[in-house]
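Architecture and fold: a report
Here's the letter readout for the chains.
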Amino acid sequence: MNTDIITEDRVITIDYGMSVDDMIDAGAYYSSAGYITAKRFPVQGEGVVQYQAKIFHFDRRISSEDAVAAIKADDRQNPWAPAKIEGLLAYGAKNTEEQRQYPIVGLGSVVKVRGDHSVPCLYRYDAERSLDLGLWNDSWDGFCRFLAVRKLSSAA
């Protein structure tokens, strides 16, 4: 499999006491899809938790199912999980310039919106940072990246 995985160690902290709306505000996105709400994307977890984060880049068109399978297969001893929205938002808030280079997709949160299964994505709109939904059933372009996380420890 042809993958380009950004391997530098990155740690994100998720505060499960925050709602998705609070996390969106903390990320200071220029625009956010109105479909991304705390009701559609409830945060499930407790406390403040640190995660190791990794960006996967497959450098080819890929389906959501194939990307998830590749992420999970990358390290079977200490497996990665596709990032849920709270991981994606924490990553975007910490790494504010990265989404200006390429879209970053969180395949761990799938919701049905207007009849389509959708996932949250960080991307650039003109020069601004944006948060929107992408379609689970479409294939992703080769320039897209996929965020994966695995738990490190409790921070508080």
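Scroll up for the structure.
On a predicted model such as this, the values are computed, not experimentally measured, just so you know.

What follows is about the packing of aromatic side chains. In the structure shown here, the tally under the stated rule is four aromatic pairs. Measuring from centroid to centroid gives 6.1 Å for Trp140 and Phe146, while their planes differ by 85°, and the two rings are edge-to-face. For the pair Trp140 and Phe146, a shared accessibility class is recorded, and that class is buried. In textbook terms, an aromatic cluster arises when at least three aromatic residues are bridged by ring pairs, as seen for Phe56, Phe58, Trp80, Trp140 and Phe146. Across the ring face of Tyr102, the terminal group of Arg145 is positioned such that the distance to the ring centre comes to 3.9 Å.

A few words now on helix α3 (residues 85-94). An α-helix turns once per 3.6 residues; consequently, residues spaced three or four apart project the same way. α3 sits mainly inside the fold: eight of its ten residues count as buried. Among all positions of α3, only Ile85, Glu86, Gly87, Leu88, Leu89, Ala90, Tyr91 and Gly92 are buried.

This part takes up the packing of helix α1 (residues 20-27) against α3. As a packed pair, α1 and α3 sit with axes 8 Å apart at the nearest point and diverge in direction by 20°. Classified by the angle their axes make, α1 and α3 are roughly parallel. Relative to α3, α1 is oriented so that their crossing is left-handed. Residues Val20, Met23, Ile24, Ala26 and Gly27 of α1 pack against Ile85, Glu86, Leu89 and Ala93 of α3.

Here we take up the environment of Ser64. Relative to the assigned elements, Ser64 resides in helix α2 (residues 64-73). Given the relative accessible area of 0%, Ser64 is considered buried. Ser64 sits 22 residues away from Glu86 along the chain, and the two C-alpha atoms are 19 Å apart. Side-chain polar atoms of Ser64 contact the side chain of Trp140, separated by 2.8 Å.

Moving on, we come to the pairing of strand β8 (residues 128-135). In terms of strand pairing, strand β2 (residues 31-32) meets β8 through two bridges, oriented parallel. Bridged to Ser32 within β8 is Leu131. In this sheet, β8 lies alongside strand β7 (residues 116-125) in antiparallel orientation, the contact comprising eight bridges. Bridge assignment links Cys121 to a residue of β8, and that residue is Asp132. The turn linking β7 back onto β8 is made up of two residues, and Asp126 within it adopts a positive phi angle of 55°.

For the coordinates displayed, the defined rule picks out five salt bridges. For the salt bridge of Asp141 with Arg61, the shortest nitrogen-to-oxygen distance reads 2.1 Å. Pair noted here: Asp141 is in the loop between β8 and β9 (145-154) and Arg61 is in the loop between β3 (48-57) and α2, with a separation of 80 residues, a long-range link. According to the relative accessible area criterion, Asp141 is partly exposed, its value standing at 31%. When the shortest N-O distance is used, the salt bridge between Asp75 and Arg150 registers 2.9 Å.

A positive phi angle, close to 50°, is found at Ala28, a residue other than glycine. Take Ala28: it is sitting in the loop between α1 and β2. The backbone of Asp59 sits at a positive phi, close to 55°, despite the residue not being glycine. Inspection of the secondary structure puts Asp59 in the loop between β3 and α2.

What counts as what
Residues numbered from 1 in each chain as written. Predicted model: local features only at pLDDT ≥ 70, side-chain atom pairs only at ≥ 80, totals over all residues. Heavy atoms only, no water. Phe/Tyr/Trp six-rings, centres within 6.5 Å; stacked < 30°, edge-to-face > 60°. Buried < 20%, exposed > 50% of the residue type's maximum accessible area, 1.4 Å probe, protein only. Lys NZ or Arg CZ within 6 Å of the ring centre and 35° of its normal. Helix = DSSP H or I, 4+ residues; strand = E, 2+ residues; numbered from the N terminus. Axes fitted to C-alpha atoms, helices over the stretch in contact; angles between N-to-C directions. Parallel < 35°, antiparallel > 145°, perpendicular 65-115°, else oblique. Left-handed = near helix turned anticlockwise from the far one by under 90°. Contact = heavy atoms within 4.5 Å. Polar contact = N/O pair within 3.5 Å; in protein donor to acceptor, adjacent residues only side chain to side chain. Pairing = 2+ DSSP bridges. Salt bridge = Lys/Arg side-chain N within 4 Å of Asp/Glu carboxyl O.

Spatial relationships are all this shows, so hold off on functional conclusions.
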